Amino acid sequence: MSQHVVVPVALYQRIFVTLIVLTVVTVAVALVDLGEWNAVVALSIASLKASLVALYFMGLRWGDRMTRVAVLVALAGVALLFGASLNDDLTRESKTYLPAELRPEMLDFSVQGLDGLTPEVAPPPAPPPAAAPDTAHGAAH
Amino acid sequence: MPDSHAASVPHAHHHGHDSHAGHAGHAVAHQFDDAEQQFGAATLGMWIFLLTEVMFFGAILAAYAIYFVTYVDPFEDASNHLSLALGALNTVILLTSSLTMARAVHAAQTADARTQVRWLVRTLALGAAFLVIKAFEYGSKFEEGLVPGIGFRYDGPGAAQHELFLSFYFALTGLHALHMIIGIGVLLVLVWMARRGRFSAAYFTPVEMSGLYWHFVDLVWIFLFPMLYLLGRH
């Protein structure tokens, strides 16, 4: 059962100050070149800020079990959405859904030493069987 | 209506009229045992609605993430079309509005109608300030020819990817702004209700539920700001 929790104003203010500090930090870090880590740091700080908003401003910290289940379902959905989509997209040999002139160079996921084992070109599809299977089919009946 | 039930909810008025404005009691719908259970149901319903909103924004953000990992460099360049100062200012404004919204809920629980209205109006004003700044940002994009499809004039390297980035920018911030506009409409209703003395420590469900919505819209912006504005600053 949900409880009516009266959160002290001082706690709200502390969370607010933390959120502002984290905003300053995320802007400051964005100005420094960390390569791929820029995006990781930015998303980590955003997740931390979002958690503070959800836990304290939205009162999830004092929420009942059903509310927590709803939030876990949302998080699982987002994880599936991003995980499955990016897993597909990042492991494609070519992004054939893009126009050829906009197709970027792809990351090389081929494993060294296995190159000789995989055929360069897929074998052409077998020619459609002509009369022989038909007669066999007919004979079977 | 069984007598025992009526007795357990002494303040319930069964017709929902506002004849007892300022009264601590509030109608408990007959499917609920008590006000506490009704509040729990409202809270869960609101969170499930927000769950659908997570999926709604999540789908667009996932598409955006895929194009970002596909076109990292052009997207980082295109990100610099946006104003870091205005984006950061709007972040601070929205975070502040979340604080004032939390104070509005607190006021509904503990204070009189005038205090409730004061915090609601502050939240509303900050939300409006956010939208005004957003409107200036959009205006400058029109002037600079950076609106996809409508006289898009940028022709530097990776123009197609820049246009794609800006399409996501307008889709994401536009949907977010739409949520802000709806939030302001909700706040106007709350101000009207608070003035009529509808909220008290015993009943403040609309303030609390609207607060959840307002904080959620803030939460979406917390992700939009770094993902759109901060990509290419290094």
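Residues numbered from 1 in each chain as written. Chains lettered and ligands numbered in written order. Predicted model: local features only at pLDDT ≥ 70, side-chain atom pairs only at ≥ 80, totals over all residues. Heavy atoms only, no water.

**Q** Would you mind showing me how to read the overall build of chain B here?
**A** Helix and strand counts for chain B stand at 7 helices and 0 strands. Seen in sequence order, chain B has helices and strands lined up from the N terminus as α-α-α-α-α-α-α. Looking at chain B as a whole, 54% of its 234 residues qualify as buried. Counted over contacts in chain B with a minimum sequence separation of 6, partners at least 24 positions apart contribute 76%. Within the structure as shown, chain B displays about 9800 Å² of accessible surface, and the carbon and sulfur contribution to it stands at 65%. (Helix = DSSP H or I, 4+ residues; strand = E, 2+ residues; numbered from the N terminus. Buried < 20%, exposed > 50% of the residue type's maximum accessible area, 1.4 Å probe, protein only. Contact = heavy atoms within 4.5 Å. Areas by Shrake-Rupley, 256 points an atom, 1.4 Å probe, with all protein chains shown as cover.)

**Q** Before we go on, may I ask you to explain the overall build of chain A in this structure?
**A** A tally of helices and strands in chain A yields 4 helices and 0 strands. The order of helices and strands in chain A, counted from the N terminus, is α-α-α-α. With 141 residues in all, chain A has 25% of them scored as buried. Of the accessible surface of chain A, which amounts to about 9700 Å², a share of 66% is contributed by carbon and sulfur atoms.

**Q** Is there a simple way to think about the pattern of salt bridges in this case?
**A** Side chains that carry opposite charge are capable of pairing whenever their charged atoms lie near each other. Under the defined criterion, the tally for this structure stands at 2 salt bridges over all chains. Arg92 of chain A is the salt-bridge partner of Asp88 of chain A, the closest N and O atoms lying 3.0 Å from each other. Under the relative-accessibility criterion, Asp88 of chain A is labelled partly exposed at 37%. In this structure, Glu137 of chain B and Lys134 of chain B form a salt bridge, with 3.1 Å as the shortest nitrogen-oxygen distance. With Glu137 of chain B and Lys134 of chain B both in helix H5 (residues 113–143) and 3 residues apart, the pair spans about one turn of that helix. For the pair shown, Glu137 of chain B and Lys134 of chain B are each scored as buried. (Salt bridge = Lys/Arg side-chain N within 4 Å of Asp/Glu carboxyl O.)

**Q** For this particular structure, what's the right way to read the interface of chain A and chain B?
**A** Interface size is commonly expressed as the accessible surface area that is lost when the partners come together. Every contact between the two is made by 52 residues of chain A and, on the other side, 51 residues of chain B. Counting every contact that joins chain A to chain B gives 0 salt bridges. Here chain A and chain B share 5 residue pairs in polar contact (both at pLDDT 80 or more) between them. Sorting the residues of the side of chain A that touches chain B by element identifies helix H1 (9–30), helix H2 (37–57) and helix H3 (65–90) of chain A as the ones contributing at least two each. The dominant element in the side of chain A that touches chain B, judged by the number of residues it contributes, is H3 of chain A, at 14 residues. Partitioning the side of chain A that touches chain B into residue classes produces 37 nonpolar, 11 polar and 4 charged. (Polar contact = N/O pair within 3.5 Å; in protein donor to acceptor, adjacent residues only side chain to side chain. Nonpolar A, V, L, I, M, F, W, Y, C, P; charged D, E, K, R; others polar.)

**Q** What exactly am I supposed to notice about the packing of helix H4 (residues 84–110) of chain B against helix H7 (residues 205–229) of chain B here?
**A** Helix packing geometry: the angle between the two helix axes and the distance between the axes. Residues and elements named next belong to chain B. Between H4 and H7, the shortest axis-to-axis distance is 10 Å and the interhelical angle comes to 165°. Of the possible angle classes, the one that applies to H4 and H7 is roughly antiparallel. Of the two elements, H4 crosses H7, and the hand of that crossing is left-handed. (Axes fitted to C-alpha atoms, helices over the stretch in contact; angles between N-to-C directions. Parallel < 35°, antiparallel > 145°, perpendicular 65-115°, else oblique. Left-handed = near helix turned anticlockwise from the far one by under 90°.)

**Q** Whenever I open this one, H5 of chain B confuses me. Can you help?
**A** For H5 of chain B, spanning 31 residues, the distance from its first C-alpha to its last is 45 Å, which sits close to the expected 45 Å at 1.5 Å a residue. Once H5 of chain B ends, the next one or two residues include Gly145 of chain B, with phi positive near 65°. (Expected span 1.5 Å × (residues − 1).)

**Q** Help me out: how do you make sense of the nonpolar core in this one?
**A** Looking at soluble globular proteins, one finds that nonpolar side chains tend to be buried together. Counting 94 residues, the largest nonpolar core has Phe57 and Met58 of chain A together with Tyr64, Met101, Phe165 and Leu228 of chain B as its most contacted members. Residue contributions to this core peak at 16 residues, all from H7 of chain B. Shared between two domains, this core holds at least three residues of each, these being domain 1 (1–61) and domain 2 (64–96) of chain A. Apart from the residues lying within four places of it in its own chain, the contact partners of Leu228 of chain B are Tyr64, Ser79, Leu82, Phe165, Tyr169, Leu172 and Thr173 of chain B. (Core = buried A, V, L, I, M, F, W, Y, C linked by side-chain atoms within 4.5 Å. Domains from an automatic or database assignment.)

**Q** What's the story with the packing of aromatic side chains in this structure? I'm lost.
**A** The geometry of an aromatic ring pair comes down to the distance between the two centres and the angle between the two planes. Residues and elements named next belong to chain B. According to the stated counting rule, one finds 19 aromatic pairs over all chains in the structure shown. On the numbers, 5.9 Å between centres and 55° between planes, the contact of Phe39 with Phe204 is tilted. Of the two residues, Phe39 is situated in helix H2 (residues 35–70) and Phe204 in the loop between helix H6 (159–195) and H7; the sequence distance between them amounts to 165 residues. Phe204 matches Phe39 in its accessibility class, with the two residues each being buried. Measuring from ring centre to ring centre gives 5.7 Å for Phe225 and Tyr229, while their planes differ by 40°; the resulting arrangement is tilted. Taken together, the residues span about one helical turn, with Phe225 and Tyr229 both in helix H7 at a distance of 4 residues. (Phe/Tyr/Trp six-rings, centres within 6.5 Å; stacked < 30°, edge-to-face > 60°.)

**Q** Looking at this structure, how should I read the confidence of the model for chain B?
**A** Reading predicted coordinates in detail is not appropriate for stretches of low pLDDT. Overall, the predicted model of chain B reaches an average pLDDT of 88, with 89% of residues at or above 70. Taken together, the stretch residues 1–24 of chain B has pLDDT below 50 and engages in 25 contacts with residues farther than four places along the chain or on a different chain. (pLDDT = per-residue confidence, 0-100.)

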